[in-house]
Amino acid sequence: LSKGGGERVVSELSMHFPDSIEKTIVLFNQQISYPYKGKLLCLDIPLSNNLLLKVFYFLKALWVFRKIVKTEKPDYVVSFIRPANIINILSGARAVVRVDSFLSSVPDFIYKMLTRIFYRKAFLVVCVSRASAKDLMSNFIFQLFRDKIVISDDTEQTRDVQVFIAIRKAYAKDDQAFLRYQLF
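Residues numbered from 1 in each chain as written. Predicted model: local features only at pLDDT ≥ 70, side-chain atom pairs only at ≥ 80, totals over all residues. Heavy atoms only, no water.

Student: Explanation requested: the nonpolar core in the structure shown.
Tutor: Generally speaking, nonpolar side chains in soluble globular proteins are found buried as a group. In terms of nonpolar packing, the biggest core is built from 15 residues, with Ile89, Val99, Leu103, Tyr119 and Val125 touching the most fellow members. Those elements that provide at least two residues to this core are helix H3 (82-90), strand S4 (95-99), helix H4 (109-118), strand S5 (124-127) and helix H5 (130-140). Considering each element in turn, this core owes the most residues, 3 residues, to S4. Core analysis: the next-biggest nonpolar cluster, separate from the first, contains 11 residues, Ile45, Phe65, Val77 and Ile87 among them. (Core = buried A, V, L, I, M, F, W, Y, C linked by side-chain atoms within 4.5 Å. Buried < 20%, exposed > 50% of the residue type's maximum accessible area, 1.4 Å probe, protein only. Helix = DSSP H or I, 4+ residues; strand = E, 2+ residues; numbered from the N terminus.)

Student: What's the story with helix H2 (residues 51-72) in this structure? I'm lost.
Tutor: Helical periodicity: at 3.6 residues per turn, an α-helix aligns residues three or four positions apart in one direction. Along its 22 residues, H2 runs 31 Å from first to last C-alpha, staying within 8% of the 32 Å computed at 1.5 Å per residue. Inspection of H2 places Tyr57, Ala61, Leu62, Val64, Phe65, Ile68 and Val69 among the buried residues, and these make up the whole buried set. Next to the buried residues of H2 lie strand S1 (24-27), strand S2 (39-42), strand S3 (77-79) and H3. Structurally, the start of H2 carries an N-cap: the backbone nitrogen of Leu52 is 2.8 Å from a side-chain oxygen of Asn50. Immediately beyond the C-terminal end of H2, within one or two residues, lies Lys73, with a positive phi of roughly 50°. (Expected span 1.5 Å × (residues − 1). Contact = heavy atoms within 4.5 Å. Polar contact = N/O pair within 3.5 Å; in protein donor to acceptor, adjacent residues only side chain to side chain.)

Student: What's the story with the pattern of salt bridges in this structure? I'm lost.
Tutor: Side chains carrying opposite charge are able to pair once their charged atoms draw close together. Enumeration over the complete set of coordinates arrives at 3 salt bridges. With a shortest N-O distance of 4.0 Å, Glu12 and Arg8 are connected by a salt bridge. Linking Glu12 with Arg8, this pair stays in helix H1 (residues 5-16), spanning 4 residues, or about one helical turn. Given the relative accessible area of 35%, Glu12 is considered partly exposed. (Salt bridge = Lys/Arg side-chain N within 4 Å of Asp/Glu carboxyl O.)

This is the structure in structure tokens:
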């Protein structure tokens, strides 16, 4: 909960959700700059630029987070940043992931690959803007289903057209696969 956009969103949501909703906030490290309401848990995972340490810390965070999910038994788990989204999806909970950037422009090849593989397993993918949703649809649609993408300011008809165009783009080299896909 320190100095970031996603962290501020977590703070605002925790402060404005009704008290009847039990809130548990899980952080990678104990840095807190924003106010919050709810139970706070920390994974105590340091940051590292070393690839081997990144993998080790990612696996450690996943292991600890799965234990937390098993203990807490949440109805939904909402995540707000890239590494947390993948850990959330792999946790076994009903994962709601927030996308606030253009995933196609992320320079990290490994994260793009993980997005293609795992985002389809998310319960819901929430895009904070129409532009990020369009980027997600046009670049990762063959791994995602249209019902799992929420664009808050688009109609269902507009979303269906965007999905259709994205599917067409994805299958441009293989007309047989495109013909087998049924939009309606």
